[in-house]
Amino acid sequence: MKNEKIKLFLVDDDAVFLKSLEIEFLQHADFAIETFATGELCLQNISHNPDVIILDYFLDGIDKTAMNGMQTLDKIKVFNPDISVIMLSSQDKIEVAVNCMHHRAFDYVVKSETAFTRLQKIITTIFQYKKMEKELNWYMERM
Amino acid sequence: MAKIKKTEKDELIEIRKELTIQRKEKEKIAVELLLVRKELAFQDKEKEKRAAELGIANKELAFQDKEKGKRKVENSELEEFSNSVKLASQYSRSLIEASRDPMFTINPAGKITDINNASISITGISRENLIGTDFFNYFTEPAKAKEGYQQVFAKGFVADYPLTIRDHKLTDVLFNGSVYKDEEGNVLGVVVVARDITEQKRIEKELTEAKIFAELATGIAEEAKSKAEDSTRIAEDAVKSKQQFLSNMSHEIRTPMNAIIGFTKVVLKTELTAKQKEYLMAIKMSGDALIVLINDILDLAKVDAGKMTFEQVPFKMAISISAMLHLFETKIQEKNLELVKEYDPKIPDVLVGDPVRLHQIILNLVSNAVKFTTKGKITVSVHLLSQDEERVTIEFAVTDTGIGIPETKIGKIFENFQQASSGTSRLYGGTGLGLAIVKQLVEPQGGSINVKSKIGEGSTFSFTLSFLKTKEEAESATKIVELDAEIRNIKVLVVEDIALNQLLMKTLLDDFGFERDIVSNGKIAIEKLQTKTYDIILMDLQMPEMNGFEATEYIRNTLNSKIPIIALTADVTTVDLAKCKSVGMNDYIAKPVDERLLYSKILGLVKKPALIKIDVNEKIEEKKSKCIDLDYLIHRTKSNPKLMMEMISLYLEQTPPLILIMKQSLHDKDWQALYSAVHKMIPSFSIMGISIDFENMAKQVQEYASTQQQTDGIPDLVRQLENICAQACKELEIEFDMIKNTPL
């Protein structure tokens, strides 16, 4: 399992931020990364089975017809509820965060300089969590 | 027979006789016949002559006959023509008769030869009786009438010749006349037409009357106006002279007071015996009281002149009030009173308003409370009454346990120079101006003031004021503390001509530990400024050679220096203060100089420009160097040029369209789009190392756009964002090229 790279989807319409995230992830860990500018593109490629998707909340900012972050999140969850989605937003609003959690996002991160570090930690947590889940399942099966 | 014979014979004789007579007759006739024959012959000759003549005449007649035939034709033509002429003349005649203007024809002798109906009706005399009479008889001024038609004969016409017809009502007319002539051009007479101008005359008369009335009215109005102007001028003069008087008085009183209080303070700092100290304190207190009075009067004068202005600056209410109450501590302790402060913690830290005036109000109320209370406590309470998103309304109350005010006097105590009882000032002192000033300070700020009082139990003065909320930080307060270290190095230039004041300033500044140079007029000050640098100038206004205004103007405009300048003035009327500001002075201090005030003002001004200076420098540096900082990027990409170039080119690709959307959406007031564009821009600021200020600016725009409040502020912010992004793009392009051209 460990020899397989963790597959990461980055979805953001802000190309600069997207790129900076990509660079950071590539440098700090060995991820297989795919980036998408829109929710639609992300969903088209969802069959690549990412482990984690980092998804911008505000995807329909410039292109009004684009699918927004929440819609994308919902569709991802429909496709496979096991994919962990971390929502990313530049707004620091409790309602937004809570709303994301309600839609079963794994976590919510505000865009800032520290966003990457936090994302990294969250990803680590996700895998710890998944591992624990697996272990739990394994034990449950044994019981 | 004889007889018969005889008879016969007789008869015969008779016959013979007869016959002889007859013969004789015959002979006579023959002669006559001869004559007749001769005559006949002559007549025959004549007849022949005549016949010849007749022949000629006959010929002539024949010719004439022919001519006659021709003439007959002409005659009939003429007759026709004359008929039509007759018709035409009848037509003209009817026109003339129909005219409502009287018409006359007059022959050269002045007799009327023809008239129309109008003439008859106007004169009331029949046609028959008019024709042939003297024209001028029908006018009130015959001589003038005569002259009138004579003029027509002389000149050929007359126009609008005024006359009055002597009828039953004396009709005023204007005559228009011209001569008429025969074919040869001989003047036959004149035709005159009279126009009835009674109506015009009446209108004219009315007009004239109206004109006269109007002129009279104008006259009266002008008189009234000039009277009003006079009184206005007198009133203005009075106001001016009142102001001038106050200004002069304050100057005259303040200058010596300055020296008295200042030196008293200086002496108080020296070694003194207890008695000496006591006396000096008395001098100082009296001086202070006098200055308070003068300030009160000036404040009232300012209010009266409508010159009282209220500042809107952020300040810390709690600190401001406790600092002010601090001033009373000694006095309250002296009187063995208790001071209770109640401050509502719900009041926001920083508010926008006029702290100086607020001080003044509370100061007046508290000093009254202290003055009239001998036992008990004074409570100063500050409560939040209400608040909304923009402003808070605060109730301030000062309650004492003093002598109280009789109910009947409560209405009066806010009037100038009024105290609750005329004996009050004898017992407690004071001018009776304090509360008047308080009222004048509270009401123009939209507040209200209330009094509750009971004789012997005490009074409560309360007032409400509202303040704007702000996110800005208040100035001062904290700064003074942190500055203490560096203030020792402040270099002050004092420009003051009066030796006493020079000495006083010197003492004060030495006390503060400031470096100081003292010069006696503006000219020397300017020379001094060119050789040495100072942090601040204290500038007297009235000086010989070059006064404070001129000097300041010179410093600001010619030396182009922004050095803080504080005016030292004994003359604190509004006029001068406005002038101080207009020439570019930063502040003023009234003489006699209050030590603490001078200290805090110097510090405030020296500190502020220092901050500004740094800001300016930073900005200049930024502009000179860069608004971007690639440290973050370098760090993140581990200086990988390829990645950096990727990042930069992405930014360059993404940003310009965002700026466009931002501008367009602002223009269209499409707040949603503006929000999105700015929103998307935000992360890139920190990635490219653009100052956090701009990121905050963008967040502000975002907030404004989403709440759609304070949209006024958006255009400016958007412009700044646009500029910074444009600059960032430019710099990143250069950066990009540099990385590209750097060999790996």
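Refer to the preceding data block for the structure.
Residues numbered from 1 in each chain as written. Chains lettered and ligands numbered in written order. Predicted model: local features only at pLDDT ≥ 70, side-chain atom pairs only at ≥ 80, totals over all residues. Heavy atoms only, no water.

(A) Layout of the overall build of chain B. Helix and strand content of chain B: 23 helices and 17 strands. Within chain B, buried positions represent 37% of all 744 residues. Across chain B, the fraction of contacts at a sequence separation of at least 24, relative to all contacts at a separation of at least 6, is 64%. Surface summary for chain B: the accessible area is close to 44700 Å², and the carbon and sulfur share equals 56%. (Helix = DSSP H or I, 4+ residues; strand = E, 2+ residues; numbered from the N terminus. Buried < 20%, exposed > 50% of the residue type's maximum accessible area, 1.4 Å probe, protein only. Contact = heavy atoms within 4.5 Å. Areas by Shrake-Rupley, 256 points an atom, 1.4 Å probe, with all protein chains shown as cover.)

(B) Quick peek at the interface of chain A and chain B. In this complex, chain A contributes 20 residues to the contact, which on the side of chain B involves 24 residues. Taken together, the connections running from chain A to chain B amount to 1 salt bridge. A salt bridge links E646 of chain B to K19 of chain A; the shortest N-O distance between them is 2.1 Å. For the interface between chain A and chain B, the tally reads 4 residue pairs in polar contact (both at pLDDT 80 or more). The residue makeup of the side of chain A that touches chain B, split by class, is 6 nonpolar, 6 polar and 8 charged. (Salt bridge = Lys/Arg side-chain N within 4 Å of Asp/Glu carboxyl O. Polar contact = N/O pair within 3.5 Å; in protein donor to acceptor, adjacent residues only side chain to side chain. Nonpolar A, V, L, I, M, F, W, Y, C, P; charged D, E, K, R; others polar.)

(C) Spotlight on the sheet that holds strand β1 (residues 103-106) of chain B. Residues and elements named next belong to chain B. With antiparallel pairing, 5 strands are arranged side by side in an open sheet as β2-β1-β5-β4-β3. Every other strand in the sheet has two partners, leaving β2 (112-115) and β3 (157-165) as the edge strands with one partner each. Pairs of neighbouring strands in the sheet enclose a mean axial angle of 25 degrees, with direction left out of account. The pairing of strand β4 (residues 171-181) with strand β5 (residues 187-196) spans 9 bridges and is classified as antiparallel. (Pairing = 2+ DSSP bridges. Axes fitted to C-alpha atoms, helices over the stretch in contact; angles between N-to-C directions.)

(D) Here's a closer look at the sheet that holds strand β14 (residues 515-519) of chain B. All names here are of chain B. A sheet is described by the order of its strands in space; here 5 strands give the open sequence β14-β13-β15-β16-β17, paired in parallel fashion. With one partner strand each, in any of the chains shown, β14 and β17 (587-590) form the two edges of the open sheet. For this sheet, the mean inter-axis angle between neighbouring strands, taken without regard to orientation, is 20 degrees. Pairing of strand β13 (residues 491-495) with strand β15 (residues 536-540) involves 4 bridges; the strand directions are parallel.

(E) Representation of the packing of helix α9 (residues 355-372) of chain B against helix α12 (residues 434-442) of chain B in the model. All names here are of chain B. Running from N to C, α9 and α12 cross one another at 150 degrees; their axes reach a closest spacing of 9 Å. On the basis of the axis angle, α9 is roughly antiparallel to α12. Crossing angle aside, the handedness with which α9 passes α12 is left-handed. The residues of α12 that touch α9, namely those facing R357, Q360, I361, N364, L365 and N368, are G434, L435, I437, V438, L441 and V442. Here the contact of α9 with α12 is composed, by residue class, of 7 nonpolar, 4 polar and 1 charged. (Parallel < 35°, antiparallel > 145°, perpendicular 65-115°, else oblique. Left-handed = near helix turned anticlockwise from the far one by under 90°.)

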